[in-house]
2 protein chains.
Amino acid sequence: MNMTTSKVYIETFWQIHRMIEEAGLQPGDRLPSERELADRLGVGRSSVREALRALELLGLIETRRGEGTFMKPFGDHQLIQLLGSFILQGNREKRDLIETKVLIERICLQLACERLTDEKLERIKREEHTYHSFFRRIVEATDNYLLLRIWLVLTDFFKHIYTLTLPSEFYEQMWVALQKRSCEEAIAMYEQYVMQKMSKEN
Amino acid sequence: MNMTTSKVYIETFWQIHRMIEEAGLQPGDRLPSERELADRLGVGRSSVREALRALELLGLIETRRGEGTFMKPFGDHQLIQLLGSFILQGNREKRDLIETKVLIERICLQLACERLTDEKLERIKREEHTYHSFFRRIVEATDNYLLLRIWLVLTDFFKHIYTLTLPSEFYEQMWVALQKRSCEEAIAMYEQYVMQKMSKEN
DNA sequence: GAAGTTAAGTGGTCAGACCAGTGACCACTT
DNA sequence: AAGTGGTCACTGGTCTGACCACTTAACTTC
C-alpha cells in the first residue's frame with residue numbers, strides 16, 4: 001500500500017507542520033494529543049512520536065507529560081545549543097561564526113543608520129542594555145525580518161561560546177552616533193570596541 | 001526504577017553520542033543495529049529510534065533500510081537547511097530576501113578580493129558559469145563555511161522566485177576585477193549589473 | 001466551603017509482531 | 001569458470017496494545 005518511498009515519520013513531520021501553519025497555532029497553544037494525531041493522520045503513534053521529536057528538536061514544540069504538546073515561543077531553539085556542541089568544536093567553526101556575526105552586525109549598523117526612526121531611537125535610550133539586547137534593537141531597526149532571524153541564530157550560537165560585555169560608554173557613544181545617523185562613526189565605534197575585543201579573545 | 005526525571009530517549013541520545021565518540025567512529029562507519037543498541041543500553045527499541053531520529057536530524061548519522069545506520073560525512077548538516085526553511089517560512093517579504101542576499105554577496109565579494117588564491121582564480125576562469133555557479137566560487141573563496149551555508153540557503157529560496165541571468169561580459173569583467181584584487185571595482189560591477197537588475201524586477 | 005478521592009486523559013516506555021529492503025551464501029544452469 | 005536465481009538471516013520502518021507516571025477536573029466526603 002505504501003507506494004511512496006518516503007518514510008512515514010518524515011511525511012508525518014510535514015503534515016503536522018502544515019497543520020500548525022493552517023491552524024495558525026500560536027506559542028502556548030496546544031496540539032492534538034499523540035493518539036488523536038495518529039488517528040487523524042492514519043499512522044501509528046510511534047511514527048507520530050518520531051515526527052514530534054524532530055519538531056521538538058527544532059524548538060517548535062514542547063511536550064509536557066500528563067498535559068500535552070504545546071507550541072513553544074519561537075526563538076529559543078535548543079537545537080542551537082545542541083548544534084553548538086556538535087558543530088562548533090573546532091576553532092575553524094568558531095572563527096567562521098565570529099567573522100560572520102561581525103560582518104552581519106556591521107551591515108546592520110549601516111542599515112540602521114539609514115532606517116532608524118526617532119521613536120525607536122528614544123526607546124533604545126530609555127532601556128537598560130546588555131550587548132545583545134542593544135544590538136537586537138539595531139538589527140530590528142533594519143526592518144529586515146530575515147536579517148533579524150539570521151542574526152538571532154548566530155547570536156544563539158555565539159552565546160554558548162563567549163560572554164560579551166562592554167563598558168556602558170560604548171552604548172552611550174554608539175547611541176550618539178546613531179542619533180547623528182553617522183554611519184562612519186557607528187562603524188568606527190563598533191570596530192574600536194567589539195572587533196578589538198573579539199580579535200583578542202581569539 | 002526510573003528515579004531520574006529525564007526522559008529515556010534523551011539519555012539514550014547522549015549515550016549513543018558518547019558511544020560514537022569513544023569508539024571513534026568515522027564517516028562511513030556502521031553503528032550497531034537498533035535492536036542491539038536497545039539491548040545493550042537496556043531500553044526499548046522505540047526509545048533508541050527516537051534518539052536516532054535526533055542524531056539524524058543533526059546530520060550525524062544516516063539510516064539505510066536493510067543495511068543499517070551509518071556515520072555521515074561531516075559537513076552536510078541538513079538541519080541548517082531545515083532551519084533555513086523554517087526561518088524563511090511563510091510569505092516573507094521578497095524584499096527581505098533580496099536585500100539580504102545582496103548584502104551578503106557584497107560582503108563576500110569584498111572578502112573574496114582579499115582571500116582569493118591564484119589557483120582558485122584560474123579555475124574560475126576555466127569554468128562555464130551561470131550566475132549562481134559563479135558566485136558560489138566567490139563565496140567559497142571567502143573560506144568561511146558558515147557564510148557559504150547561509151548564502152546557499154538564501155540562494156535556494158531565491159531560485160524559487162527569480163531567474164537571474166547576466167550577459168557573459170559580466171563574468172569576464174568581474175573576473176578582471178578579482179584578478180586585480182580590486183574590491184571597489186568588483187563592487188561597482190556588482191552594483192551596475194546585479195543590483196540594477198534586482199531593483200527593476202522588484 | 002474545603003479537603004481528599006477518583007477517573008479520564010496525556011506523554012513516556014516497552015515488547016512483540018509484521019513488512020520491505022539488503023547482502024551473503026549456495027545450488028543450479030550454461 | 002561464470003553467471004543465474006533462490007533462500008535465509010539481518011536491518012530499518014511501522015503498527016499495535018499494553019503499562020506507567022503524571023496532570024487535571026469532576027466528584028465525593030467531611
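For chain A, an unreviewed UniProt entry supplies the name GntR family transcriptional regulator and the organism Anoxybacillus kestanbolensis.

Lining the immediate surroundings of DNA strand C are 26 residues, of which Arg45(A), Arg49(A), Val8(B), Gly44(B) and Ser47(B) lie closest. When the atoms of DNA strand C within 4 Å of the protein are grouped by moiety, sugar and phosphate amount to 66% of the total. For DNA strand C, a base nitrogen lies 3.0 Å from a polar atom in the side chain of Arg35(A). Lys7(B) has a polar side-chain atom sitting 3.0 Å from a phosphate oxygen of DNA strand C. At the level of elements, helix 2 (34-41), helix 3 (45-57), strand 1 (61-64) and strand 2 (68-71) of chain A together with helix 1 (8-23) and helix 3 (45-57) of chain B are the ones that each hand at least two residues to the surface near DNA strand C.

Attention now moves to the environment of Thr117(B). Residue and element names in this part refer to chain B. Mapped onto the elements, Thr 117 comes out in the loop between helix 5 (94-115) and helix 6 (118-126). Owing to a relative accessible area of 35%, Thr 117 belongs among the partly exposed residues under this scheme. In the structure, Thr 117 is positioned 24 residues away from Ala 141 in sequence and 7.7 Å away in space, judged by C-alpha atoms.

The next subject is the pattern of salt bridges. This model, assessed by the stated rule, comprises 37 salt bridges over all chains. Among the ionic pairs, Glu140(A) bridges to Arg137(A), the shortest N-O distance being 3.0 Å. Taken together, the positions of Glu140(A) and Arg137(A), both in helix 7 (residues 131-141) and three residues apart, correspond to about one turn of that helix. Judged by relative accessible area, Glu140(A) falls into the partly exposed class, the value being 21%. Three or more residues are tied together by salt bridges with common partners; here these are Glu34(A), Arg45(A), Arg49(A), Arg53(A), Glu56(A) and Glu50(B).

Overall, the coordinates contain 19 aromatic pairs over all chains when judged by the stated rule. Plain terms: the ring middles of Phe135(B) and Trp151(B) are 6.5 Å apart, the flat faces sit at 25 degrees to each other, and that makes the pair stacked. Taken together, the residues Phe135(B) in helix 7 (residues 131-141) and Trp151(B) in helix 8 (residues 145-161) connect sequence positions 16 residues apart. Cluster of aromatic residues (ring-pair linked, three or more members): Tyr131(A), Phe134(A), Phe135(A), Trp151(A), Phe170(A), Tyr171(A), Tyr190(A) and Tyr193(A). Cation over ring: Arg64(A) sits above Phe70(A), and NZ or CZ is 4.0 Å from the ring centre. A cation over a ring is seen here: Lys101(A) above Phe158(A), with NZ or CZ 4.0 Å from the ring centre.

Glycine aside, a negative phi is what most residues show, and trans is what most peptide bonds show. Residues and elements named next belong to chain B. Positive phi, close to 60 degrees, is recorded for Asp 143, a residue that is not glycine. Relative to the assigned elements, Asp 143 resides in the loop between helix 7 and helix 8. Not every positive phi belongs to a glycine, and Arg 181 is a case in point at roughly 55 degrees. As for its placement among the helices and strands, Arg 181 is situated in the loop between helix 9 (168-179) and helix 10 (183-201). Residue Arg 181 is classed as partly exposed on the basis of its relative accessible area of 28%.

Conventions used here
Every chain is numbered on its own, with residues counted from 1 as its sequence reads. For naming, the first written chain is A and the first written ligand is 1, with later ones following in the order written. pLDDT decides what is reported in this predicted model: residues at 70 or higher carry local features, side-chain atom pairs at 80 or more are listed and counted, and totals for whole chains, interfaces and linings draw on all residues regardless. Processing note: side-chain calculations cover all non-hydrogen atoms of the structure and skip hydrogens and water entirely. Distances are taken per atom, and a residue is near a molecule or strand as soon as one of its heavy atoms is within 4 Å of it. Two N or O atoms count as a polar contact when they lie within 3.5 Å, although within protein this holds only if one can serve as hydrogen donor and the other as acceptor, and sequence-adjacent residues are included solely when both atoms are side-chain atoms. Numbering goes from the N terminus for both helices and strands, where a helix is a DSSP run of H or I of at least four residues and a strand is a run of E of at least two. For every residue, the accessible area obtained with a 1.4 Å probe (protein chains only) is divided by the maximum for its type, and the residue is called buried under 20%, exposed over 50%, and partly exposed between those limits. When a carboxyl oxygen of Asp or Glu lies within 4 Å of a side-chain nitrogen of Lys or Arg, that pair is called a salt bridge. Only Phe, Tyr and Trp rings take part, Trp by its six-membered ring, and two of them pair if their centres are within 6.5 Å. Stacked means planes under 30 degrees apart, edge-to-face means over 60, and tilted covers everything else. Ring-over charges, as used throughout, are those where CZ of Arg or NZ of Lys falls within 6 Å of the ring centre and within 35 degrees of the ring normal.

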